[in-house]
Amino acid sequence: MPGKPSLGLRLAFYLGMLFLHFPILIIVLYALTTEDRTYQFPPPGLTLRWFGEAFQRQDMWAALWLSLKVAAMATAIALVLGTMVAAAMYRFQFWGKDFITVLLILPIALPGILTGIALLTTFKRLALEPGFWTIVIGHATFCIVTVYNNVVARFRRTGYSQIEASMDLGADWFTTWRMVVLPSIATALLAGGMLSFALSFDEVIVTTFTAADQKTLPIWFLNELFRPRERPITNVVAVFVMLITFLPIVLAQWLTRDTDDLHGGGKTG
């Protein structure tokens, strides 16, 4: 049984959490301030006025709706392609497999600006005008990695003998997939999908290179930063976005942890 943490260790934990989350607290605080131009501290007063004004901004709702559509489409593509790649990498052994694995995870490891430049150059070469679908493709490149990592890890904990037994008992590939494989990887798909959605929803660098005149919510934020009189509204929308992205990430982490306990049984190594 682990011992009780020391006072120093607990203090380090609380300081670390404060360091990570203090900027978020500041955003929430200045979403409630009565001051509309500066970041005076402490705020001269608190109000909910900016929430009403933010929700009346049609440009904000348009940007939010675009971000939701892009994130949904990118996640759907990532779920299909990421699962297919994970199944192939799990099932087959071939020369250069390790190199292919590196290539698969490269899009999420590279700096966003390099990915954005590469995508924009490719789209120009293919005579594709930047717009909704180029944003989706750009986001799908790194969302696939998230789904792949979750699903391939689950495949590695799923014995292939279950699939063979299903086929030996007369089930076709579709029935085997529906009754054996899918239940085994369902929570991994859900976790990977929710993480992909969150990543896509707040992506800004790749979007800048692939969006043209399309304005997702992160791009809307960048534009609003140049309007000092509307800073509280920007903070209100930031709080709203944090809630949208925070819940899927927490739920994905909870699902992954719960499944690890069930499948891993607490074993290590």
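Above this text sits the structure in question.
Source: prediction; values computed, not measured.

Parameters and conventions
- Residues numbered from 1 in each chain as written.
- Predicted model: local features only at pLDDT ≥ 70, side-chain atom pairs only at ≥ 80, totals over all residues.
- Heavy atoms only, no water.
- Phe/Tyr/Trp six-rings, centres within 6.5 Å; stacked < 30°, edge-to-face > 60°.
- Buried < 20%, exposed > 50% of the residue type's maximum accessible area, 1.4 Å probe, protein only.
- Helix = DSSP H or I, 4+ residues; strand = E, 2+ residues; numbered from the N terminus.
- Lys NZ or Arg CZ within 6 Å of the ring centre and 35° of its normal.
- Expected span 1.5 Å × (residues − 1).
- Bend = angle between axes of the 7 residues up to and from the residue.
- Axes fitted to C-alpha atoms, helices over the stretch in contact; angles between N-to-C directions.
- Parallel < 35°, antiparallel > 145°, perpendicular 65-115°, else oblique.
- Left-handed = near helix turned anticlockwise from the far one by under 90°.
- Contact = heavy atoms within 4.5 Å.
- Nonpolar A, V, L, I, M, F, W, Y, C, P; charged D, E, K, R; others polar.

Comments concerning the packing of aromatic side chains
Thought 1: Taken as a whole, this structure holds four aromatic pairs when the rule is applied.
Thought 2: Note on Phe-13 and Tyr-14: the rings are 5.4 Å apart at their centroids and 65° apart in plane angle, and the pair reads as edge-to-face.
Thought 3: A relative accessible area of 54% places Tyr-14 in the exposed class.
Thought 4: Summarising the aromatic geometry, the rings of Phe-197 and Phe-201 are spaced 6.2 Å apart at their centres and angled 15° between planes, so their arrangement reads as stacked. You can see Phe-197 and its partner Phe-201 sitting in helix α8 (residues 173-201), four residues apart, about one turn around the helix.
Thought 5: When the ring centre of Phe-132 is taken as origin, the NZ or CZ atom of Lys-69, which lies over that ring, is 5.7 Å away.

Focus: helix α1 (residues 7-31)
Thought 1: For α1, built from 25 residues, the straight-helix expectation of 36 Å at 1.5 Å per residue is met to within 8% by its first-to-last C-alpha distance of 35 Å.
Thought 2: Residue His-21 marks the point of greatest curvature in α1, where the axis turns by about 45°; the proline Pro-23 follows within four residues.

Description of the packing of helix α4 (residues 97-109) against helix α6 (residues 132-156)
Thought 1: Relative orientation of the contacting elements α4 and α6 amounts to 125°, with a least axis distance of 7 Å. When the interaxial angle is binned, α4 and α6 end up oblique. Here α4 and α6 pass one another in a crossing that is left-handed. Where α4 abuts α6, its residues Thr-101, Leu-104, Ile-105, Pro-107 and Ile-108 lie against Thr-141, Phe-142, Val-145, Thr-146, Tyr-148 and Asn-149.
Thought 2: For the contact of α4 with α6, a count of residues per class yields seven nonpolar, four polar and no charged.

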